[in-house]
Amino acid sequence: MSQVLEGLNPEQLEAVTLPHSSALILAGAGSGKTRVLTTRIAWLIQTGQVSPLAIIAVTFTNKAAREMLTRISAMLPINTRGMWVGTFHGLCNRMLRAHHREAELPQAFQILDSADQLSMVKRVMRGLGVDDEKYPPRQAQYFINANKEEGLRAPAVEAVDDFSRHLLDVYAAYDAQCNREGVVDFAELLLRCFELLQNNELLRTHYQSRFKHILVDEFQDTNRLQYLWLKLLAGSTSTIIAVGDDDQSIYAFRGARSGNMLEFEHDFGVGKVIKLEQNYRSHGNILDAANALIRNNRARLGKNLWTAEGKGEPLRLYEAATDVDEAAYILEEVRALQGDGVGLSDMALLYRSNAQSRVLEHALFNAAIPYRVYGGLRFFERQEIKHALAYLRLIANPEDDGAMLRVINFPTRGIGNRTLEQLQAGALNSGSSLWHSACSNPPAGRAGSAIAAFVRVIESMRNATEGLPLPEVVEHVIEASGLVNHYRKEREGADRVENLEELVNAAAAFVAEEGLAVYEADSANAPTTNADEQAIELEPLTAFLAHASLEAGENQAAAGADALQLMTVHSAKGLEFHTVFISGLEEGLFPHENSLNEEGGLEEERRLMYVAMTRARRRLYLSHAQTRMLHGQTRYNVASRFLDEVPQELLKRLGAAVPSLATGFASGEVMSRQRGKPVTVGGFRIGQHVLHPKFGSGVIVQAEGSGGDARVQVNFRDDGLKWLALEYAKLLPV
DNA sequence: TACCTCCACGTTTTT
DNA sequence: CGTGGAGGTA
């Protein structure tokens, strides 16, 4: 028996050693799914069943892909280079580079990130003369992506009304412009790759027979197009091992369809679904609470986590008077835990939406507790970095109008809007790129010479960097472009200069580490029907630019000392901590009010809560505030319904159980206590919890009038905000 | 061209 | 309340 199998539980073992048939593995939180995936790969190879070249493993994030490669390397003394392990986008990129001609792309095609895509959409809309008031570019961008992710090109989409007809025009023109410039967006990577396999039988059968084993992580997050791509790649001879957890599907809002799991079972004739239900992360009480909560969802495949460990501590529920009070409480507990030896970085402070972090950060900052907020700007998304990349893109491909527009006047060179308009008109007239138009028929006069100067800058950069190693190319460009000089002169530019220098290091690291290897790997001994695949020799610069687009860098503030982890529940997925604080558990916030009108919205919110709870290993805090400042006004919120769905015997209640004027309305009283004493209207006061025969329970948020005209606004847990006349409404104080 | 003021807006996010 | 984008002015 192979030693990689040691220590697996029966279900894990079954999943790892499945025969060559497609399977669905329902893997709960903390059940060792990554271990199962990597061990299966190791087992397949070690037992000599398949060559590493016959395996393709797909993930959603680069982090997950790296983790997988690291673990495989630890188990097997082989070079993992020939193995295709990566994200959907990364793998499609790899395939498209190898077969760029068949895909009708330049080999050095550039990848647009969301921001690049948006500016392209804006540009196209301006060209078409579409009113961007009536058709917000963001919406057009969403429209394009949503359709691509359904596998639909513009001509395949049916226009149902005038509005969608306009958006379709934009979609078509946008695609045409991308083709002209030789650029692709994220969704295009997948769609183009899908179409490549669909239209080219030779390539399709080649890859279908090569990749005998397809393994997919986080399968519940696949969208329509990703599923179609997988299906096409599998053909009739390959098998797919799909690992996922429908209870952790929290990305429906961006097109993920956990329904793909059911469809997969059907399409691939999956007989038995393997369930990994033993949890190796959390104590029993935490799991019992999470299980009880998620049982309230109807749309489930069904699964119940258990642990061999003890029940552990009860969950702690804190009811705070205000958001500030909530923060103060959390801070106190963090300090106490720190005293007990729990590291700050082993504690996470979670919230539903980013706006909630401010109050928490403020409190932490004042208390001088180190913290780290996830979800800020990432390295390759920074302004100065994008500028530098735009120069590099222009060197690699002068047809790239987006790059040209970004830097033609940055640093400023006296090329204003007027000149730019002339240039764009010229390009539009001749149907060519801006660069071409700038070279062949530049505008007359001063503007013309400014443009000629810019053209010379780019050309001399291209000449000077030809044949240089990548880091030196980058170094030359950040200097010769004038970027470094520009930011040196700026007041707050020091950080930006530093980042530009860091870009040189990033390029050096890229060359030294993986970098190009991925593109070269196949040449060794891949059985191939295609000459291209054997000789992928990508320019280092092109590869680096693709890397920059596909991996925007760490999604967090600078790593470093031991720090408390602050993040949204979404970004916490996949992580675990000794202690987890889930804050803002209030109706309207979590579940978020916007979700209540959406089909399946509440269930997605509940899965989100489930994900949040299952992050905790040992201790879980749940908290809510009666009063919270949001969008500049004080809101009174009822406790989240999710708190009622947790068995009460698992909870230890702390804090104010009953709202009281003394503690409860530090900020509310500014409004309600105008003349030294609390305003009461017909025996009710603002912030009071009430019961209505039809609408159920709620909280009084505002009041106006008096006597017979007295009206109060109540925030009902189920029906939202309503104005009620006290004379008629049968309100009961709670 | 740079700065400033005003206004609108305000889930979740990876590639 | 805070931010970010747009538009206007020096």
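Located above this text is the structure these notes cover.
So, a few notes on the structure that sits alongside this text. (Residues numbered from 1 in each chain as written. Chains lettered and ligands numbered in written order. Predicted model: local features only at pLDDT ≥ 70, side-chain atom pairs only at ≥ 80, totals over all residues. Heavy atoms only, no water.)

## Regarding the overall build of chain A
1) Next: Along the backbone of chain A there are 30 helices and 23 strands.
2) Next: In summary, chain A has a C-alpha radius of gyration of 29 Å against a globular reference of 27 Å for 734 residues, a match within 12%.
3) Next: Dimensions of chain A, computed from C-alpha atoms along their principal axes, come out at roughly 80 × 75 × 55 Å.
4) Next: Counting the 734 residues in chain A, one finds 54% classified as buried. (Helix = DSSP H or I, 4+ residues; strand = E, 2+ residues; numbered from the N terminus. Rg over C-alpha atoms; globule rule 2.2 N^0.38 Å. Buried < 20%, exposed > 50% of the residue type's maximum accessible area, 1.4 Å probe, protein only.)

## Topic: the protein's contact with DNA strand C
1) Next: The environment of DNA strand C is made up of R358, M629, H631 and G632.
2) Next: Near the protein, meaning within 4 Å, the atoms of DNA strand C are sugar or phosphate in a fraction of 45%, with bases accounting for the rest.
3) Next: Looking at the surface near DNA strand C residue by residue, the classes come out as 1 nonpolar, 2 polar and 1 charged. (Near = heavy atom within 4 Å. Nonpolar A, V, L, I, M, F, W, Y, C, P; charged D, E, K, R; others polar.)

## A few points about helix 2 (residues 33-46)
1) Next: With 14 residues, helix 2 extends 20 Å from end C-alpha to end C-alpha; this agrees with the ideal 20 Å at 1.5 Å per step.
2) Next: Counted residue by residue, helix 2 has 11 buried out of 14 residues, so it is predominantly covered.
3) Next: Looking at helix 2, one finds that the buried residues are T34, V36, L37, T38, T39, R40, I41, A42, W43, L44 and I45.
4) Next: A positive backbone phi angle near 70° is found at G48, which sits one or two residues after helix 2. (Expected span 1.5 Å × (residues − 1).)

## Description of the environment of C92
1) Next: Assignment of secondary structure puts C92 in helix 4 (residues 88-98).
2) Next: Through-space distance from the C-alpha of C92 to that of F510 is 20 Å; in sequence the pair is 418 residues apart.
3) Next: Apart from residues no more than four positions distant in its own chain, C92 is found in contact with L189, L190, C193 and W229. (Contact = heavy atoms within 4.5 Å.)

## Topic: the pattern of salt bridges
1) Next: Evaluated as defined, the whole model comprises 42 salt bridges.
2) Next: D247 serves as the salt-bridge partner of R300, at 2.7 Å between the closest nitrogen and oxygen. Here R300 is found in the loop between helix 12 (284-294) and strand 9 (315-322), whereas its partner D247 is found in the loop between strand 7 (239-244) and helix 11 (260-267), with 53 residues between them in sequence. In this pair, the class of R300 matches that of D247, namely buried. (Salt bridge = Lys/Arg side-chain N within 4 Å of Asp/Glu carboxyl O.)

## Here we look at the packing of aromatic side chains
1) Next: Counted by the stated rule, this structure contains 18 aromatic pairs.
2) Next: Judged by centre distance (3.7 Å) and plane angle (5°), the ring pair of Y318 and Y329 falls under stacked. Separated by 11 residues along the polypeptide, Y318 in strand 9 and Y329 in helix 13 (residues 323-339) bring together distant segments of the chain.
3) Next: Its relative accessible area of 11% is what places Y318 among the buried residues.
4) Next: On the accessibility criterion, Y329 (10% relative accessible area) is buried.
5) Next: Put simply, the rings of F219, Y227, F264 and F268 touch in pairs and so form one group of aromatic residues.
6) Next: The ring of F109 has R97 sitting right over it, with the charged end atom 3.6 Å from the ring centre.
7) Next: Positioned over the ring face of Y251 is R254, at 3.7 Å from the centre of the ring. (Phe/Tyr/Trp six-rings, centres within 6.5 Å; stacked < 30°, edge-to-face > 60°. Lys NZ or Arg CZ within 6 Å of the ring centre and 35° of its normal.)

## Structural notes on the sheet that holds strand 8 (residues 274-276)
1) Next: Strand order in the open sheet formed by 6 strands is 3-2-6-7-1-8, and the pairing between neighbours is parallel. The open sheet terminates on both sides in strands that have one partner only, identified here as strand 3 (84-87) and strand 8. Taking the axes of each pair of neighbouring strands and ignoring which way they run, one obtains an average angle of 15° across the sheet.
2) Next: In this fold helix 11 packs onto strand 1 (23-27) and strand 7, with an angle of close to 150° to the strand it touches most, strand 1. (Pairing = 2+ DSSP bridges. Axes fitted to C-alpha atoms, helices over the stretch in contact; angles between N-to-C directions.)

## Digging into the protein's contact with DNA strand B
1) Next: Taken together, 30 residues lie near DNA strand B, and S114, R352, N354, T568 and E598 sit nearest.
2) Next: Restricting attention to atoms of DNA strand B within 4 Å of the protein, one finds that 53% of them are sugar or phosphate atoms.
3) Next: A distance of 3.4 Å separates a sugar or linking oxygen of DNA strand B from a polar atom in the side chain of H592.
4) Next: Partitioned by chemical class, the residues of the surface near DNA strand B number 6 nonpolar, 18 polar and 6 charged. (Polar contact = N/O pair within 3.5 Å; in protein donor to acceptor, adjacent residues only side chain to side chain.)

## A word on the pairing of strand 7
1) Next: A large share of strand 7 lies buried, amounting to 6 of its 6 residues.
2) Next: Neither face of strand 7 is exposed, since T239, I241 and V243 on one face and I240, A242 and G244 on the opposite face are all buried.
3) Next: Inspection of the sheet shows strand 1 paired to strand 7 by 4 bridges, in the parallel sense. Bridge pairing in strand 7 places L26 opposite G244.
4) Next: The sheet contact formed by strand 6 (residues 213-216) and strand 7 spans 4 bridges and is parallel. Each residue of the ladder has a partner; that of V216, found in strand 7, is A242.
5) Next: At this point the chain moves from strand 6, through helix 10 (residues 224-234), to the parallel strand 7, and the crossover so formed is right-handed. (Right-handed = clockwise from strand over helix to strand, strands pointing away.)

## A short note on the packing of helix 5 (residues 114-128) against helix 7 (residues 162-181)
1) Next: At a minimum axis separation of 9 Å, helix 5 and helix 7 run at an interaxial angle of 115°. With respect to each other, helix 5 and helix 7 are oriented roughly perpendicular. Note on packing geometry: the crossing formed by helix 5 with helix 7 is right-handed. Contact residues: helix 5 offers Q117, M120, V121, R123, V124, M125 and L128, while helix 7 offers D169, V170, A173, Y174, Q177, C178 and E181.
2) Next: In terms of residue class, the contact of helix 5 with helix 7 is made up of 9 nonpolar, 2 polar and 3 charged. (Parallel < 35°, antiparallel > 145°, perpendicular 65-115°, else oblique. Left-handed = near helix turned anticlockwise from the far one by under 90°.)

## Remarks on the side chain of R641
1) Next: Positionally, R641 belongs in helix 28 (residues 641-644).
2) Next: Each residue touching R641, except ones within four places of it in the same chain, is listed here: E587, P591, L596, L602, R717 and D718.

## Looking at the environment of D116
1) Next: With respect to the element layout, D116 can be found in helix 5.
2) Next: The residues touching D116, leaving out its near neighbours within four places in the chain, are I111, K386 and R393.
3) Next: Here K386 takes part through its side chain, which lies 2.9 Å from a polar atom of the side chain of D116.

## As for the packing of helix 13 against helix 14 (residues 357-366)
1) Next: The interhelical angle for the contact between helix 13 and helix 14, taken along N-to-C directions, is 50°, at an axis separation of 9 Å. Between helix 13 and helix 14, the angle falls in the class oblique. Between helix 13 and helix 14 lies a crossing whose hand is right-handed. In this structure, helix 13 uses D323, V324, A327, I330 and L331 to contact helix 14, whose residues at the interface are V359, L360, A363 and L364.
2) Next: Split into classes, the residues belonging to the contact of helix 13 with helix 14 amount to 8 nonpolar, no polar and 1 charged.

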